[in-house]
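Take a look at the letters that make up each chain.
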Amino acid sequence: MARMNVNPTRMELKKLKARLKTAERGHKLLKDKTDEMVRRFSVIIRETKALRDEVEKDVAGVLKQFSVARGLMSKSDIELIFSMPSVSVELECTTKNIMNVEVPALQLTENRSAAKYPYSFADVTSEADYSVELAGKVLVKLVRLAELEKTTMMLAEEIEKSKRRVNALEYVMIPSIEETIRYITMKLDENERSGLTRLMKVKDMIAERDG
Amino acid sequence: MKGKMAIIGDGDSVLAFKAVGIEAFSVNHPEKARDLLKKLAKTHQIIFITDALAKEISDTVAHYTASAYPTVIPVPSKNGSNGYGYEILKKEMEKALGVDILFKDGKGEIGE
């Protein structure tokens, strides 16, 4: 590991020791954070997977049902009928915080008007009724899936980031600081020894001259 | 914050969702879907997009993962799923955990 380009002085040594301490503490904290995020992620992804299984099936069903309904009516009629939704849904979008990641939190409130279907029964085939009913049922699941999938994506991103940070600290930052500290300590010891030898030598020389 | 939902689909079948309060848009070309998605991303919080289209414009879809909103989610089209939704899940899982904990047999079944 490359040692840092610093002067081998006591002051630098002191600074580096403080940095090492911070780096080690940061490393521990980040590692704990990553572990907890991974734990939560694996819970959430299982839930997402189960929900996606359901939604994949349901949505395909709705669309298939609707295309049957569409086949039984003219295109202009269908567009006319479905362009005026009477069932209005309200979507409350907030964010919640999972391990310092801002993930979406969605709340769906349906304002069902008196009529269940947004059209009169006279013009519409029963197939269309089925598809609209199914769509209404799948909507709740879809919103929940949107929330969960986004959460998984964002958590995955964050986990990757903090893993990279942990690795950078563990394999680059901390070893390089340790190496530099070793280098400075050795250099300082060396200086001390050389000073000591010089003193002994001078003492010898003085003794010889006087003696 | 009040949110709005939209669905982008190939073919008219997405119109079914219009009846339950989602704004439905039907496009027949991936490039049109891309432009539409960019436009809708500014005004809508949840955008569903049928997976055949989502796969074609996955680079644009990936663009929206960074922040909480808008949420762009693939849904199967009337011809059934093409597995794009699972592909995303799998990718995220490998990114975060490095191992596959759900699709062990590679068929999209729960492995455990």
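Residues numbered from 1 in each chain as written. Chains lettered and ligands numbered in written order. Predicted model: local features only at pLDDT ≥ 70, side-chain atom pairs only at ≥ 80, totals over all residues.

**Some thoughts on the packing of helix α1 (residues 10-71) of chain A against helix α3 (residues 126-210) of chain A**
All names here are of chain A. Between α1 and α3, the least distance of the axes is 4 Å, while the angle of their chain directions is 160 degrees. Relative to α3, α1 is oriented roughly antiparallel. Remark: the crossing between α1 and α3 carries left-handed chirality. (Axes fitted to C-alpha atoms, helices over the stretch in contact; angles between N-to-C directions. Helix = DSSP H or I, 4+ residues; strand = E, 2+ residues; numbered from the N terminus. Parallel < 35°, antiparallel > 145°, perpendicular 65-115°, else oblique. Left-handed = near helix turned anticlockwise from the far one by under 90°.)

**Some points on the sheet that holds strand β3 (residues 23-27) of chain B**
All names here are of chain B. With parallel pairing, 4 strands are arranged side by side in an open sheet as β3-β2-β4-β5. The strands lining the two open edges of the sheet, one partner per strand, are β3 and β5 (71-75). For this sheet the average axis-to-axis angle between neighbouring strands, irrespective of direction, equals 20 degrees. Where strand β4 (residues 46-50) and β5 come together, 5 bridges link them in parallel fashion. For Phe48, the partnering residue across the bridge sits in β5 and is Ile73. Its contacts with the sheet put helix α2 (residues 30-43) on β2 (5-10), β3 and β4, and the angle it makes with β4 is roughly 170 degrees. (Pairing = 2+ DSSP bridges. Contact = placed C-beta atoms within 7 Å.)

**What about the nonpolar core?**
A:Ala135, B:Ile8, B:Ala16, B:Ile47 and B:Ile49 are the most contacted members of the largest nonpolar core, which has 64 residues in total. Take this core: its biggest share by element is 16 residues, from α3(A). In this structure, B:Ile49 is in contact with B:Ile8, B:Ala33, B:Leu37, B:Ala54, B:Val72 and B:Pro74, ignoring residues within four places of it in sequence. (Core = buried A, V, L, I, M, F, W, Y, C linked by C-beta atoms within 7 Å. Buried ≥ 20, exposed ≤ 12 C-beta atoms within 10 Å, placed from the backbone.)

**Some points on the interface of chain B and chain A**
If you look at the interface, chain B gives 39 residues, while chain A gives 54 residues. Elements with a minimum of two residues in the side of chain B that touches chain A: β1 (2-3), α1 (15-18), β4, β5 and α5 (84-97) of chain B. The element that contributes the greatest number of residues to the side of chain B that touches chain A is α5(B), accounting for 8 residues. Class assignment for the residues of the side of chain B that touches chain A results in 22 nonpolar, 10 polar and 7 charged. (Nonpolar A, V, L, I, M, F, W, Y, C, P; charged D, E, K, R; others polar.)

**Considerations on the packing of α3(A) against α5(B)**
Where α3(A) contacts α5(B), the axes come no closer than 8 Å and their chain directions differ by 25 degrees. Considering their axes alone, α3(A) and α5(B) lie roughly parallel with respect to each other. α5(B) is crossed by α3(A), and the crossing has left-handed handedness. Across the interface between the two elements, A:Thr152, A:Met153, A:Leu155, A:Ala156, A:Ile159 and A:Glu160 of α3(A) pack against B:Leu89, B:Glu92, B:Lys95 and B:Ala96 of α5(B). For the contact of α3(A) with α5(B), the per-class residue count stands at 6 nonpolar, 1 polar and 3 charged.

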